[in-house]
Amino acid sequence: MTFTITTLVENTVYMGPKGLKGEHGLSFLIQADDRKILFDTGQTGIFMDNAEILNADLSDVDTVVLSHGHYDHAGGLERFAEFRTDFTLAGHPDIFCKKQISALGSTRDIGMPVDRETLVAKGVRLSLTSGPAEIGPGIMSTGEVPMQTGFESIEPVFLTEKEGRTLPDPFTDDQALILDTVRGTVVILGCAHRGTANTLMHVAALTGKTKIHAIMGGLHLGGASGEKLKQIAAVIRNFDIRHIGVGHCTGHKAVAYLSHEFGDRVFPIGVGQSVKF
Ligand SMILES: [Fe+2]
Ligand SMILES: [Fe+2]
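It should be emphasised that the depicted structure is a prediction, and the values quoted were computed from it without experimental measurement.

Novice: Even after reading the chapter, I still don't get the overall build of the chain, so can you show me in this structure?
Specialist: A tally of helices and strands in the chain yields seven helices and 18 strands. For the chain, the C-alpha atoms occupy an extent of roughly 50 × 45 × 35 Å along the three principal directions. The 277 residues of the chain split such that 55% are buried. If you take every contact in the chain between residues at least 6 apart in sequence, the share linking residues at least 24 apart comes to 73%. Per element, the accessible surface of the chain, about 11600 Å² overall, is 50% carbon and sulfur.

Structure, rendered in structure tokens:
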């Protein structure tokens, strides 16, 4: 199957028609045959304005998949659910947990804009599961990503709440999307809070394949050390990844490092860009 992936929200704007806007966040429109899926919704709902400018019709999106419950990926869901409610929301049940960030002496909420009950009352169908799920033919979510590499860990600035207690967010809800394309496996990453390498190793285990054709999204390498970047590059080499779409939370230093290591295989993501796999 051939997939078209259009970036509706990202931190930067790609070349394209006038008026496109970026924001710290991510939203991809994924189209294949008769399926139309949104992977994340950015933070404010401007993904819908960008879609209009790009002539991307969102009236027949059948599924919205959320990579995790942070506002920069789930925030636009509120506006989308005002536009229409005839869609399935897919994700991990913990996307609805309270989410916070504690940094520079203050703590702020960075979770979902709408609760589960409100969405259900509006008529949105929920498909929440902790494991991998088939979203459609050739489209699968990874489910919970096992922490297995040893060199990737979750930053303690992120908090969640379980049974009334605030604790470091384990990011049980963090997941990626796997597309089985004509060119091979393509992995769409949200924020990769559980680690890009952990996510890719999980994808390999789920697909049973030793190669990954392309990855794109947030690689979450903002504060990565030189040693960690080396290890990530080794994993990318190991899976023989041909196209590496970097954006959102990948981090400037990581983009520079990966570009140096992989040359033209690395491409920047931006609002208005469409790629086909
Ligand atoms: Fe996040
Ligand atoms: Fe993010």
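Let's pick the thread back up.
Novice: Would you mind showing me how to read the coordination of the iron ion (ligand 2) here?
Specialist: Each angle at a metal carrying four tetrahedral donors should ideally be 109.5 degrees, and each at a metal carrying six octahedral donors should ideally be 90 or 180 degrees. Here the iron ion (ligand 2) is held by the protein donor atoms Asp 72 (OD), His 73 (NE2), Cys 191 (SG) and His 248 (NE2), which lie 2.2 to 2.3 Å from it. Because the angles between the four donor atoms bound to the iron ion (ligand 2) fall within 84 to 167°, the donor set is best described as irregular. Positions of the donor residues of the iron ion (ligand 2), expressed as sequence spacing, correspond to D-H-x117-C-x56-H. Between the iron ion (ligand 2) and the iron ion (ligand 1), a spacing of 3.6 Å is present. Of this pair, Asp 72 sits in helix 2 (residues 71-74) while Cys 191 sits in the loop between strand 14 (184-189) and helix 5 (196-207); the two residues are 119 residues apart in sequence, bridging distant segments of the chain. On the basis of relative accessibility, which here comes to 4%, the residue Cys 191 falls in the buried class.

Novice: Explain the environment of Gly 22 to me, please; I cannot follow it from the model alone.
Specialist: Tracing the backbone through its elements, the reader meets Gly 22 in the loop between strand 1 (4-9) and strand 2 (27-32). With 10 residues separating them along the chain, Gly 22 and Thr 12 place their C-alpha atoms 5.2 Å apart. Discounting chain neighbours no more than four positions away, the residues touching Gly 22 are Glu 10, Asn 11, Val 13, Ile 46 and Val 271.

Novice: I keep staring at the coordination of the iron ion (ligand 1) and nothing clicks. Help me out?
Specialist: Surrounding the iron ion (ligand 1) are the protein donor atoms His 68 (NE2), His 70 (ND1) and His 193 (NE2), which sit 2.1 to 2.2 Å from the metal. Binding-site remark: the iron ion (ligand 1) is held by donors from one chain whose sequence spacing is H-x1-H-x122-H.

Novice: For this particular structure, what's the right way to read the sheet that holds strand 15 (residues 214-218)?
Specialist: Hydrogen bonding along the main chain pairs the strands of a sheet, whether they run parallel or antiparallel. Here we have seven strands laid out as an open sheet, ordered 9-10-13-14-15-16-17, and mixed in their pairing. Two strands bound the open sheet, and with one partner strand each, they are strand 9 (133-136) and strand 17 (266-268). Adjacent strand axes in the sheet meet at a mean angle of 20° when their direction is disregarded. When strand 14 meets strand 15, the two strands line up parallel, connected through four bridges. When the bridges of strand 15 are listed, Leu 189 appears paired with Gly 217.

Novice: Quick question: what am I supposed to make of the environment of Thr 4 here?
Specialist: Here Thr 4 lies in strand 1. The buried category is assigned to Thr 4, whose relative accessible area is 17%. Each C-alpha atom of the pair Thr 4 and Met 112 lies 27 Å from the other, and the pair is 108 residues apart in sequence. Apart from the residues within four sequence positions on either side, Thr 4 is in contact with Leu 29, Ile 30, Gln 31, Ser 274, Val 275 and Lys 276.

Novice: Quick question: what am I supposed to make of the nonpolar core here?
Specialist: Most often, soluble globular proteins keep nonpolar side chains buried together rather than apart. Ranked by size, the top nonpolar core spans 27 residues in total, and within it Val 187, Leu 200, Ile 212, Ile 215, Leu 219, Ile 241 and Ile 244 carry the most contacts. The set of elements that each furnish at least two residues to this core consists of strand 14, helix 5, helix 6 (226-238), strand 16 (243-247) and helix 7 (252-262). The element contributing the most residues to this core is helix 6, with five residues. With near-sequence residues (within four places) excluded, Leu 200 lies in contact with Val 187, Ile 212, Ile 215, Val 235, Phe 239 and Ile 241. One finds Ile 46, Leu 58, Ala 81 and Leu 89 within the second-largest nonpolar core, a separate group that totals 25 residues.

Reading the values: the criteria
Residues numbered from 1 in each chain as written. Chains lettered and ligands numbered in written order. Predicted model: local features only at pLDDT ≥ 70, side-chain atom pairs only at ≥ 80, totals over all residues. Heavy atoms only, no water. Helix = DSSP H or I, 4+ residues; strand = E, 2+ residues; numbered from the N terminus. Buried < 20%, exposed > 50% of the residue type's maximum accessible area, 1.4 Å probe, protein only. Contact = heavy atoms within 4.5 Å. Areas by Shrake-Rupley, 256 points an atom, 1.4 Å probe, with all protein chains shown as cover. Donors = N, O, S within 2.8 Å, 3.2 Å for Na, K, Ca; no water. Tetrahedral: all angles 85-135°; square planar, octahedral: opposite > 155°, others 65-115°. Pairing = 2+ DSSP bridges. Axes fitted to C-alpha atoms, helices over the stretch in contact; angles between N-to-C directions. Core = buried A, V, L, I, M, F, W, Y, C linked by side-chain atoms within 4.5 Å.

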